[in-house]
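Residues per chain are reported as follows:
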Amino acid sequence: MSMLGSVIIARDRWLKPGGLILPSHATLYIAPVTHPDRYSESIDFWRNVYGIDMSAMMPLAKQCAFEEPCVETIVGENILTWPHVVKHVDCYTVTIGELESVHTKYNFKSMMRAPLHGFAFWFDVEFAGPAMSPTHSHAQPSLTETPVDGNQRKKRVNPNEALVLSTAPEDPPTHWQQTLIYFYEPIDVEQDQLIEGSVTLSQSKENARFMNIHLEYASGGRSFVKESVMR
């Protein structure tokens, strides 16, 4: 998302009426994840290092492993709920100001009993064909979108109308993988337990390519805040 500013500048300077932007649309998602193997190999390893109890290293290990977002590949089985739309972007109409700070509230119900280890972000991009593409006059696209409540949007009206590249965990792995924000301590959740909160993505003043992530989450009567920087 932090690189879209360059696309917007190029669009406003050089896109001719009727011209195409490819990809034409993008959607960013968030969902809670469970990932016991990843947590174990990074943290629990220190409980017994070749027969030596080095658990005193665990606080430092958690900070080193989970302080910043991790770009890695997970699978559909790691996802605890249906995803929530953080932001849908129409590349023909979006402005730089809209992307400086993106905020959304979410409300999930866990589909299983499992430890909640953090949240994953991923995106879809759409390549609209000539029949679908709006012109630079800011015409509305023919794709349907979800209401403002942030539930998962429909990817396309008809499978023949747009090509969709997805980086979702249930789809084949891509170069982009997924972005994970891990908690320092997992939270045990029951099936149908509520997970709610909000996330704010804002452009870093330190570097326009960096993204500040402010994540608030609550479940089982406990509330937490996680601050991180995507570099």
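Being a predicted model, the structure only gives us computed values, none of them experimental. In this convention, every chain numbers its residues from 1, walking through the sequence in written order. Reporting of local features is limited, given that this is a predicted model, to residues whose pLDDT is at least 70; pairs of side-chain atoms are given and counted only at 80 or more, and all residues count toward the totals for whole chains, interfaces and linings. Side-chain metrics in this entry use all non-hydrogen atoms of the structure; hydrogen atoms and water are not considered.

A. Main features of the sheet that holds strand β8 (residues 194-203). Strand order in the open sheet made by the four strands is β4-β8-β9-β10, with antiparallel pairing throughout. The open sheet has two free edges, formed respectively by β4 (101-109) and β10 (222-230), since each of these has just one partner strand. Averaged over all pairs of adjacent strands, the angle between strand axes in this sheet comes to 15 degrees, irrespective of strand direction. The pairing of β4 with β8 spans nine bridges and is antiparallel. Of the residues in β8, the one forming a bridge with phenylalanine 108 is isoleucine 195. Whether two strands pair comes down to DSSP finding at least two bridges between them. Secondary structure is summarised from DSSP: a helix means a run of H or I of at least four residues, a strand means a run of E of at least two, and numbering begins at the N terminus for each. Angles run from 0 to 180 degrees between N-to-C directions of axes, and those axes are lines fitted to C-alpha atoms, restricted for helices to the stretch in contact.

B. Local environment of the confidence of the model for the protein chain. Each residue carries a pLDDT score, the predictor's confidence in it, ranging from 0 to 100. Scored by pLDDT, the protein chain has a mean of 88; 86% of the residues are at 70 or more. Averaged pLDDT values over the elements of the protein chain bottom out at 91 in strand β6 (residues 162-166) and peak at 98 in β4. Here a residue-residue contact requires only that any non-hydrogen atoms of the pair lie within 4.5 Å. Note on residues 133-156: pLDDT under 50 across the span, and 56 contacts to partners over four residues away in sequence or across chains.

C. Looking closely at the pairing of strand β9 (residues 211-219). Pairing of β8 with β9 involves eight bridges; the strand directions are antiparallel. By the bridge assignment for β9, serine 202 is matched with asparagine 212. If you look at the hairpin formed by β9 and β10, you'll find two residues sitting between the two strands, and glycine 220 has a positive phi there, around 60 degrees.

D. Structural view of unusual backbone geometry. Here the amide bond leading from leucine 22 into proline 23 is cis, since omega sits at -5 degrees, within 30 degrees of zero. Following the sequence through the fold, proline 23 ends up in the loop between α1 (4-14) and β1 (25-33). Despite not being glycine, glutamine 177 has its phi angle at roughly 55 degrees, a positive value. Among the structural elements, glutamine 177 can be located in the loop between β6 and β7 (178-189). Even without glycine at this site, aspartate 192 takes up a positive phi of about 70 degrees. Its place among the elements puts aspartate 192 in the loop between β7 and β8.

E. Summary view of α1. When we look at burial in α1, the residues that qualify are Leu4, Ile8 and Arg11. Burial along α1 is one-sided: seen end-on, the buried residues are contained in an arc of 60 degrees. Among the exposed residues of α1, those pointing more than 90 degrees away from its buried face are Arg13 and Trp14. Against β3 (84-90) and α4 (96-100) lie the buried residues of α1. Burial classes: relative accessible area under 20% of the type maximum marks a residue as buried, over 50% as exposed, and values in between as partly exposed (1.4 Å probe, protein chains only). Working note: the arc is built from the helix axis to C-beta atom directions.

F. Quick look at the pattern of salt bridges. Here, a salt bridge means any Lys or Arg side-chain nitrogen found within 4 Å of an Asp or Glu carboxyl oxygen. Inspection of the entire model under this criterion finds seven salt bridges. Across the pair arginine 47 and aspartate 44 runs a salt bridge whose closest N-O atoms are separated by 3.2 Å. Close ionic contact of lysine 87 with glutamate 98 constitutes a salt bridge, the shortest N to O distance being 3.5 Å. Residue lysine 87 is found in strand β3, and its partner glutamate 98 is found in helix α4; the two are separated by eleven residues along the sequence.

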